[in-house]
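Residue-level structure breakdown
Below are the chains, spelled out letter by letter.
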Amino acid sequence: MSLNRSEKEAVISEVTSLAAKAQTLVMAEYRGITVAAMDQLRVSARNNGVSLSVLKNTLARRAVAGSSFEVAADQMTGPLIYGFSEDAVAAAKVVADFAKTNDKLVIRGGVFSGKALDVDGVKQLASIPSKEVLLAQLCGLLMSPISRTAVVLGALAAKKGEGAAEPAAEAAAA
């Protein structure tokens, strides 16, 4: 189905606004994927804050022109699904995780921080833990010395408490 000029302009403006807010773009070829599998991918993307779009490549090139995603314009060929995310790793993680279970989804490339990524770059980006996980790990590292100190102090208090309990028991017996 062909879009008229006003519909094309609406698509371009929508994708341009997505690109302006996004940090990461991931492109994947979706040829041969069933509708049910595509729905699963879209639900997963929506839950992780990723905007997935199937676009005509010429419209996608026009939408990213002048943005940091313009470096991927030469990779925009064939039937592609475009994933934009404000989180640096969310789009790569969603697409890479889905590609592990569905061999028909082929990652073609992406862009992060104005640099074009190949397939391996997208997979490396996907392997980085999310912001929440990194914050939890940092919190655990910061609390580790404190909790170890508390355990040692608790053991010392228990040891002193055992020694103090014996004289009190002897005094009560006498």
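An account of the accompanying structure is given in this report. Everything quoted here is computed from the prediction, not taken from an experiment.

Relative orientation of the contacting elements helix H1 (residues 5–21) and helix H3 (residues 57–64) amounts to 50°, with a least axis distance of 8 Å. Looking at the two axes, H1 sits oblique to H3. Crossing of H1 over H3 shows right-handed handedness. On H3, the residues touching Lys8, Val11, Ile12, Val15 and Thr16 of H1 are Leu59, Arg62 and Ala63. For the contact of H1 with H3, the class distribution of residues is five nonpolar, one polar and two charged.

If you look at soluble globular proteins, the nonpolar side chains tend to sit buried side by side. By size, the foremost hydrophobic cluster in this structure holds 25 residues, and its most contacted members are Leu41, Val50, Ile81 and Leu105. Secondary-structure elements contributing two or more residues to this core are strand E1 (24–29), helix H2 (35–47), strand E2 (50–54), helix H4 (90–101) and helix H5 (119–127). The dominant element in this core, judged by the number of residues it contributes, is H4, at eight residues. With sequence-adjacent residues up to four places away left out, Ile81 is seen in contact with Val26, Met27, Ala28, Tyr30, Met38, Leu41, Leu52, Ser53, Val54 and Leu105. Ile12, Met27, Phe69 and Met76 belong to the second largest nonpolar core, which has 19 residues in total.

This brings us to the packing of aromatic side chains. The full count for this structure, using the stated rule, is one aromatic pair. The interplanar angle of 75° and the centroid separation of 5.7 Å between the aromatic rings of Phe69 and Phe84 together place this pair among those described as edge-to-face. Taken together, the residues Phe69 in the loop between H3 and strand E3 (80–85) and Phe84 in strand E3 connect sequence positions 15 residues apart. Neither Phe69 nor Phe84 differs from the other in exposure class; each is buried.

The rules behind each value
- Residues numbered from 1 in each chain as written.
- Predicted model: local features only at pLDDT ≥ 70, side-chain atom pairs only at ≥ 80, totals over all residues.
- Heavy atoms only, no water.
- Axes fitted to C-alpha atoms, helices over the stretch in contact; angles between N-to-C directions.
- Helix = DSSP H or I, 4+ residues; strand = E, 2+ residues; numbered from the N terminus.
- Parallel < 35°, antiparallel > 145°, perpendicular 65-115°, else oblique.
- Left-handed = near helix turned anticlockwise from the far one by under 90°.
- Contact = heavy atoms within 4.5 Å.
- Nonpolar A, V, L, I, M, F, W, Y, C, P; charged D, E, K, R; others polar.
- Core = buried A, V, L, I, M, F, W, Y, C linked by side-chain atoms within 4.5 Å.
- Buried < 20%, exposed > 50% of the residue type's maximum accessible area, 1.4 Å probe, protein only.
- Phe/Tyr/Trp six-rings, centres within 6.5 Å; stacked < 30°, edge-to-face > 60°.

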